[in-house]
Amino acid sequence: MKFDSLIIGGGVAGLSCAIRCAEAGMKTAVIAAGQSALHFSSGSIDFLSRLPNGQPVYHPMAAFDELQQQSPEHPYCKLGKRKVQEALDWYQEMIKARGIYLSSQEDEANHLRLTPMGTFRSTWLSQQTVHQFPLTNTAGELNHIALVTIDGFRDFQPKLAADNLSKLAQFKDVKITTAAVELPDFEEMQRNPCEFRSIDISRVLRDERKLHAFAKSMIQAVGKADLVVLPAVFGNGDGAAVIKLLEGLTGFTICELPTMPPSLLGIRLEEAMKSHFKMLGGIILVGDEVQRGDIEDGELKRIFTRNHRDMPLVADNYLIATGSFFSRGMAAQRLSISEPIFNLDTVAIPDRDQWYQPEFFTSKAHPFLKMGVICNDQLQASANNQTIDNLFCAGALLAHYDPVFEGCGSGVAISTGFNVAEQMISKHTARQNQNKKERTVA
């Protein structure tokens, strides 16, 4: 099978690249081995929350010069400020067309999102159902926050969250209460307590009659509050619409929290992106996995997958966006690391004892998160120090940045995926023009 572009990996980076290629009319396919990291994500878009030295970032765009000084090999620095901004603007508009509204503060500064533990994480864009707490004057005008869960739901413990939230100085004058609301027909749906997850609740609350009953129970349990915080248990693609309806039924302002996987806020992004890609004519090879490829004369000629066996998949250009260690895009041995499909060149710390901090939960960065695949300024990969002209890299696979500590995982994924697509489109257009010229001459 022959394509204009083949995308290895179905996460944010891979889908961003695939969608942009499909928008340009290129025949594009995505090879997705399984669930992407979006199923474990907050559903917000982190741009840059901290510099590599740990300094908090208020306005990501204003921090670019300092980032260049501290980490010149960072993916953002390879692209430059203008290209990163262009990519993120494109993503907002693209996902908005699918009904998901991502926004930042009015001055495009970072804001804080509440976590299920009652702590805060800095981020840049959040979905319309997530309350944005400002970095300064975090409590704002809030006088009463109610943390609400569903009876029998084990992935959000509001009392724990309330205890942590009440310890923060910004919330010393804010009333924080908790409540548990009974889910309609809970007794009939319960099979095993360990199986009762957000996706189960979302199926129940799709029934408008049950949603009305749930709203009445919420009003009785909460009373009055300026902000009602609920775990994200409302639908996938239609979750925001369900929340809006629930706000109308209760009169509450509702904030969703991402919980233990599956994260419905993250799944909403994934489903919206996949739906858009398919609408554009893109192909997703679900449950398939690339096992090897043939590299000849500095180009990737073909790849072989588990499902297609001896039938090669061929493209003019390829993107590998298989993620880092968590997604098995990188593999760790006792004293080394590797990229398991093409054995691409990587950067690693020789001494394994220096890969991590002594404590897992620490305020310092774990060095292993900066290990990954080396690429040039065009995001082209190399093997045995030879650049592969038509194989690009994007997302968490890349070396020289820490998506967790620096709070930039989604931003890097979108910007690198988009800019790889722009290069693929440019090469595709040039090839088409050359072919047209040759036909005219003939």
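These numbers come from a predicted model, not from an experiment.

Participant: Could you give an account of the packing of helix α1 (residues 12–23) against helix α10 (residues 264–279), with specific residues and numbers?
Facilitator: It is the contact of α1 with α10, at a shortest axis distance of 9 Å, that shows an interaxial angle of 25°. The orientation of α1 relative to α10 falls into the category roughly parallel. Note that α1 runs across α10; the crossing there is left-handed. In this structure, α1 uses V12, L15, S16, A18, I19, A22 and E23 to contact α10, whose residues at the interface are E270, M273, K274, H276 and F277. By residue class, the composition of the contact of α1 with α10 is seven nonpolar, two polar and three charged.

Participant: I'd love a proper account of the sheet that holds strand β8 (residues 144–150), names of residues and values included.
Facilitator: Strands sit in the order β9-β8-β10-β11 across an open sheet of four strands; the sheet is parallel. Edge strands, defined here as strands with exactly one partner in the open sheet, are β9 (175–181) and β11 (254–257). With strand direction ignored, the average angle separating the axes of adjacent strands in the sheet is 25°. Bridging between strand β10 (residues 227–231) and β11 involves four bridges; their strand directions are parallel. Looking at β11, one finds that L230 is bridged to E256. In the packing of helix α8 (residues 208–222) onto the sheet, contacts are made with β8, β9, β10 and β11, and the angle to β9 comes to roughly 140°. Together, β10 and β11 form the strand contacts of helix α9 (residues 239–250), whose direction differs from that of β11 by roughly 140°.

Participant: So what's going on with the pairing of strand β20 (residues 380–383)? Which residues, and what values?
Facilitator: Covered by surrounding structure in β20 are Q380 and S382 together with A381 and A383, the residues of both alternating faces. Across three bridges, the pairing between β20 and strand β21 (residues 386–393) is antiparallel. Its bridge partner being in β21, Q380 is matched across the sheet by F392. Linkage of β20 to β21, two consecutive antiparallel strands, is achieved through a turn of two residues, within which N384 is found at a positive phi near 55°.

Participant: A description of the sheet that holds strand β2 (residues 28–32) should follow, citing residues and the corresponding values.
Facilitator: Strand order across the open sheet formed by six strands is β12-β2-β1-β15-β21-β20, with mixed pairing between neighbours. Edge positions in the sheet fall to β12 (283–286) and β20, since each has one partner strand and no second. Within this sheet the neighbouring strands show an average axis-to-axis angle of 40°, counted without direction. The strands touched by α1 are β1 (2–8), β2 and β15 (314–320); relative to β2, the strand with the most contacts, the crossing angle is about 165°. Of the strands in this sheet, β2 and β12 are in contact with α10, which crosses β12 at around 125°.

Analysis parameters
- Residues numbered from 1 in each chain as written.
- Predicted model: local features only at pLDDT ≥ 70, side-chain atom pairs only at ≥ 80, totals over all residues.
- Heavy atoms only, no water.
- Axes fitted to C-alpha atoms, helices over the stretch in contact; angles between N-to-C directions.
- Helix = DSSP H or I, 4+ residues; strand = E, 2+ residues; numbered from the N terminus.
- Parallel < 35°, antiparallel > 145°, perpendicular 65-115°, else oblique.
- Left-handed = near helix turned anticlockwise from the far one by under 90°.
- Contact = heavy atoms within 4.5 Å.
- Nonpolar A, V, L, I, M, F, W, Y, C, P; charged D, E, K, R; others polar.
- Pairing = 2+ DSSP bridges.
- Buried < 20%, exposed > 50% of the residue type's maximum accessible area, 1.4 Å probe, protein only.

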